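These are the residues of each chain, in order.
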Amino acid sequence: MLPFTALMHVVLLRPVPGNERFGLGPFFRIEPLGMEYIASALEAAGHTAAIADLRFSRPLEHHLRSTRRPVGLIGIAAMHALETDDVMALARRVRQLAPGVPIVIGGHTAAAYPRPFLLDPVDAVILDDGERAMPRIADAIDAGWPLRDVPGLTIREASGEVVTTPADSASFELDAVPMPARHLVAQWRRQYACLAHRPAWLIETARGCPFRCSFCSIWQLHARSVRERSIESVCRDFAGAGDHVFVADDLFWHHPPRSLALANELRRRGIRKRWILVQSRVDLVARSAELLEAWRPIAQDFDIFFGLEAATNEGLNGLQKDATVDQTGEGVEVARSLRYGVTGNFVIDPAWREADFENLWTFVERYGLFQAGFTILTPLPGTAYYEDMRSRLQSRPWAHFDMHHLLWEPALGPERFFELYCETWRRSVLNLKGRKSVWRWLREVDPRNMLFLLRALRRTQRMMSPEHYISEYGPEAVLSGMDPAPRRS
C-alpha cells in the first residue's frame, strides 16, 4: 500500500464524441457517473477533483488554466470504441496546454482494449476500477513514486516500453466509495437527458454481467462476475436523485432476493420516481413476474430496455445469447401485463440475406416491438469476437465502430444491405412518416423538453436514408480517418 499524501488537484475530462449515432445516441446525454464516483474517491483520499463535461462546458483551456491550485493529474474518460480518436485528440490538446502534467485514460473501452491509447502523450491506461486506481495514482505521483508501483495499470514509459502492472488480487467493494460527487456536474444537470426525459439521473446498483454474449465486452472485462452496492447505499442514491432515473446496471434484477429486498426498502422509505429505465433480459423477466410486480409501484412510468438481439433461435445461438425467441415473447408479455414500457435492440448481421430481414420484420410485427433499435453486428475491442474477426476488419476510423457502419462487405452488397437496413428502421416508431407522427411524440413530452426531442428526432431521420450510409462506406471513407482502427502487430 502506498503512503498517504494529500491535496493533489485532479481534473477529470469527459470528451466530446465526434460520432453520436450509436444506437439511440441522439436521445442519450447521460451524466458521467463513473467520473463522479472517481471524484468522490479522490476526495475521500484527501485530494481535490474537478469534472469537466466538455460536451456542455466551457472550452478545455478554461478548466486547465482557471483552477485555484495547480493541476497535478488529468484523467480522460474513454467509454466506447467509437470515441477512441476523440480521446486521443483531446489528450494531445491537454499535453499542449499542460506540458508536465501526467495524463491517464480510463473507462470501459480503455480497460477492455488499452492498446490504441498507449501512444504519446498518454502516460497510463487504467485496467482496474477507476475508483480504486485514481487515488492510488494521485498518491504515487504526489509522493514521487513510479507508476509501476500502482496495481492495475498499463503504462507507456518514456523509453516507449509498455508495462502492465499486476492487478490487485482483492475484489473492489463498490461501497468502499462514498456517494457520487454529483455536485461537480450540477451546472450541466439540465443537459442530461435519457430518451425524452430531462433532466435525467444515472444510478448504478450493480456492476458486471454473468452471461456471455459474443458481441459484448462487459462480461469479458468483469470475468462474468457481478458486484452489488449495498441496499442502504442504493436507497440513499435513489433518495438524492431527481424524478427521472436511468439505472446503469448491465443486468437489472440479476439477483432476485436482493432485488426484492431493495424494492421493499425503497417502498418502505416512500421513494418514488416519475420515470425509471432499467436494462434486463427477456428470459429473466419471463420468470420474475413477482419481482417486477414489487418494483412497479416505485415509478409512475417504468420502462425496460431488453437486449432482444435476434428474431430466431439460430440467430440467438450464433450470438451466444443463451435465450430463446419463446422467452422473448414471454418476457415481453410479462412486462406489458404489469404496465412496463418495452423497448430494446436487435442486432443485424452483415451476413444476412433478404429472408433474414423479412423474418425480423415479421417478428417485430408479431410482438409489436416497434419501439426498438437496430444495430449492425460490430466486433468491439476487448471481445473474443473482435479477435476472431480481425482478418476481415478493414482499416477504418474508430468512429466507424458505432454499430451503424459496415466494417466488411455484406453478403447482399452494401447498396441492398442498407436499403433493407433502412427499411427496418422505417418500420419503427422513430420514422416520423410512419407509425408515430411528430405531433404524437410532442404530446407525450414535457413542454420544456420539446426542443430537445425535436432535435433528436430530426437526427434519427437520417437512419432511414440508404444514401447516408453509403456515403461513408467506400474506400475513400476508409482512408479519411485520423488513425486507422485495428492494425495488427
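About the thresholds
Here the residue numbers are simple positions, counted from 1 along each chain's written sequence. Two thresholds apply to this predicted model, a pLDDT of at least 70 for residue-level local features and 80 or more for giving and counting side-chain atom pairs, whereas whole-chain, interface and lining totals are computed over all residues. As a rule here, side-chain values cover all heavy atoms of the structure and leave hydrogens and water aside. Note on definitions: the grid is 1 Å and covers protein atoms alone; a cavity is a set of points where a 1.4 Å probe fits but cannot get out; a pocket is an open set with protein on both sides within 12 Å along at least five of seven lines; lining residues have an atom within 4 Å of a point. Grid points are joined across faces, edges and corners, and a volume is the space filled by probe spheres set on the points. By the criteria applied, helices consist of DSSP H or I runs no shorter than four residues and strands consist of E runs no shorter than two, each listed in order from the N terminus. Basically, the charged four are Asp, Glu, Lys and Arg, the nonpolar ten are Ala, Val, Leu, Ile, Met, Phe, Trp, Tyr, Cys and Pro, and anything else, Gly included, counts as polar. Strand pairing follows a simple DSSP-based rule, namely that at least 2 bridges must link the two strands. An axis is simply a line fitted to the C-alpha atoms; with a helix, the fit covers only the stretch in contact. Between two such axes, the angle follows the N-to-C directions and lies from 0 to 180 degrees. We call two residues contacting when some pair of their heavy atoms lies within 4.5 Å. Three exposure classes are used, based on accessible area relative to the maximum for each residue type with a 1.4 Å probe and protein chains only: buried under 20%, partly exposed in between, and exposed over 50%. For the handedness criterion, the strands are oriented away from the viewer, and a crossover whose path from the first strand over the helix to the second runs clockwise is classed as right-handed. Any pair of Phe, Tyr and Trp rings, taking the six-membered ring for Trp, is counted once the centres come within 6.5 Å. Such a pair is stacked with planes under 30 degrees apart, edge-to-face with planes over 60 apart, and tilted for the rest. Two conditions define a charge located above a ring, namely a distance within 6 Å from the ring centre to NZ of Lys or CZ of Arg, and an angle within 35 degrees of the ring normal. Between Lys or Arg on one side and Asp or Glu on the other, a salt bridge is scored when a side-chain nitrogen of the former is within 4 Å of a carboxyl oxygen of the latter. As used in this structure description, the phrase polar contact means that two N or O atoms lie within 3.5 Å; if the pair is within protein, one of them must be able to donate a hydrogen and the other to accept it, and residues adjacent in sequence are counted only when both atoms belong to side chains. Residue count minus one, scaled by 1.5 Å, sets the expected span of a helix.

Participant: Explain the layout of surface pockets here, please?
Facilitator: Any space left empty among the atoms is revealed by the rolling of a water-sized probe across them. The volume enclosed by the second largest pocket comes to roughly 760 Å³. For the second largest pocket, the lining is made up of 34 residues, of which A196, H197, D303, Q371 and E444 are closest to its centre. Within the residue set of the lining of the second largest pocket, elements represented by two or more residues are β14 (273-280), β15 (299-309), β16 (341-348) and β17 (372-376). A class-by-class count of the residues in the lining of the second largest pocket yields 16 nonpolar, 9 polar and 9 charged.

Participant: What exactly am I supposed to notice about the sheet that holds β16 here?
Facilitator: Picture the strands of a sheet paired through backbone hydrogen bonds; they go either parallel or antiparallel. Sheet architecture is open: 6 strands sit in the order β10-β13-β14-β15-β16-β17, paired in parallel fashion. Pairing within the sheet leaves two strands with one partner each, and these edge strands are β10 (201-203) and β17. The mean inter-strand angle of the sheet, taken between neighbouring strand axes irrespective of direction, is 20°. Bridging between β14 and β15 involves 7 bridges; their strand directions are parallel. Paired with I276 across the strands is F302, a residue of β15. Of the strands in this sheet, β16 and β17 are in contact with helix α13 (residues 354-367), which crosses β16 at around 175°.

Participant: Honestly, the sheet that holds strand β4 (residues 71-77) in this entry has me stumped. Any pointers?
Facilitator: Taking strand neighbours across the sheet as the criterion, the 7 strands line up as β3-β1-β4-β5-β6-β7-β8 in an open arrangement whose pairing is mixed. Here the strands that pair on one side only, and so sit at the sheet edges, are β3 (48-53) and β8 (162-164). For this sheet, the mean angle separating the axes of adjacent strands, direction not counted, is 20°. Across 4 bridges, the pairing between β4 and strand β5 (residues 103-106) is parallel. The residue of β5 that forms the bridge with I74 is I103. Where helix α3 (residues 84-97) meets the sheet, its contacts fall on β1 (9-14), β4 and β5, and the angle it forms with β4 comes to roughly 165°. Strands in contact with helix α5 (residues 130-143) are β1, β4, β5, β6 (124-126) and β7 (153-156); relative to β4, the strand with the most contacts, it is inclined by about 155°.

Participant: Explain the pairing of β16 to me, please; I cannot follow it from the model alone.
Facilitator: Residues in a regular strand point their side chains to alternate faces of the sheet. Burial of β16 is extensive: 7 of the 8 residues sit out of reach of the surface. Note: β15 against β16, 6 bridges, orientation parallel. Of the residues in β16, the one forming a bridge with G307 is N345. With 5 bridges joining them, β16 and β17 adopt parallel strand pairing. The residue of β17 that forms the bridge with F346 is F374. Note that the unit made of β16, α13 and β17 has a crossover that is right-handed.

Participant: Would you explain the packing of aromatic side chains in this entry?
Facilitator: As enumerated under the stated definition, the model contains 23 aromatic pairs in all. For the pair F56 and Y192, a centre-to-centre distance of 5.7 Å together with 75° between the ring planes defines the contact as edge-to-face. Linking F56 in the loop between β3 and α2 (60-65) with Y192 in the loop between β8 and β9 (193-194), this pair joins segments that are 136 residues apart in sequence. Taken together, the aromatic side chains of W352, F357, W361, F417, F418, Y421 and Y469 make up a single cluster linked through ring pairs. Cation over ring: R224 sits above W219, and NZ or CZ is 5.9 Å from the ring centre.

Participant: Got a minute to help me understand the pattern of salt bridges in this structure?
Facilitator: A side chain with one charge may pair with a side chain of the opposite charge, provided their charged atoms come close. Counted according to the given criterion, the structure contains 35 salt bridges. The salt bridge involving R207 is made with E131; its shortest N-O contact spans 2.7 Å. Taken together, the residues R207 in strand β11 (residues 206-208) and E131 in helix α5 connect sequence positions 76 residues apart. Side by side, R207 and E131 carry an identical accessibility label, which is buried. For R212, the salt bridge identified is with D322, shortest N-O distance 2.9 Å. Taken together, the residues R212 in the loop between β11 and α6 (218-221) and D322 in the loop between α11 (313-318) and α12 (325-337) connect sequence positions 110 residues apart. A network of salt bridges, in which partner residues are shared, links D129, E131, E204, R207, R227 and R229.

Participant: In this structure, what is going on with the side chain of S57? I would like to understand it.
Facilitator: On the secondary structure map, S57 appears in the loop between β3 and α2. A polar contact is formed between the side chain of S57 and the side chain of H63, at a distance of 3.0 Å. For S57, the residues in contact, after removing those within four places along its chain, are H63 and W188.

Participant: Just to check I follow, could you spell out α12 for this structure?
Facilitator: Residue pairs three or four apart in sequence face the same way in an α-helix, which turns once every 3.6 residues. Along its 13 residues, α12 runs 18 Å from first to last C-alpha, staying within 8% of the 18 Å computed at 1.5 Å per residue. Of the positions making up α12, those classed as buried are V325, T328, G329, G331, V332, V334 and A335. Elements in contact with the buried residues of α12: α9 (282-286), α10 (289-295), β15, α11, β16 and α13. Looking one or two residues past α12, R339 carries a phi angle of roughly 70°, positive in sign.

Participant: What is the right way to read unusual backbone geometry from this model?
Facilitator: Trans peptide bonds make up most of the peptide bonds, and negative phi angles are found at most residues other than glycine. Of the consecutive residues D120 and P121, the connecting peptide bond is found in the cis state with omega at 15°. Positionally, P121 belongs in the loop between α4 (108-112) and β6. Geometrically, the link from R198 to P199 is a cis peptide bond, its omega value of -5° lying close to zero. Looking at where P199 falls in the secondary structure, it is placed in the loop between β9 and β10. At Q320, a position not held by glycine, the phi torsion is positive, near 55°.

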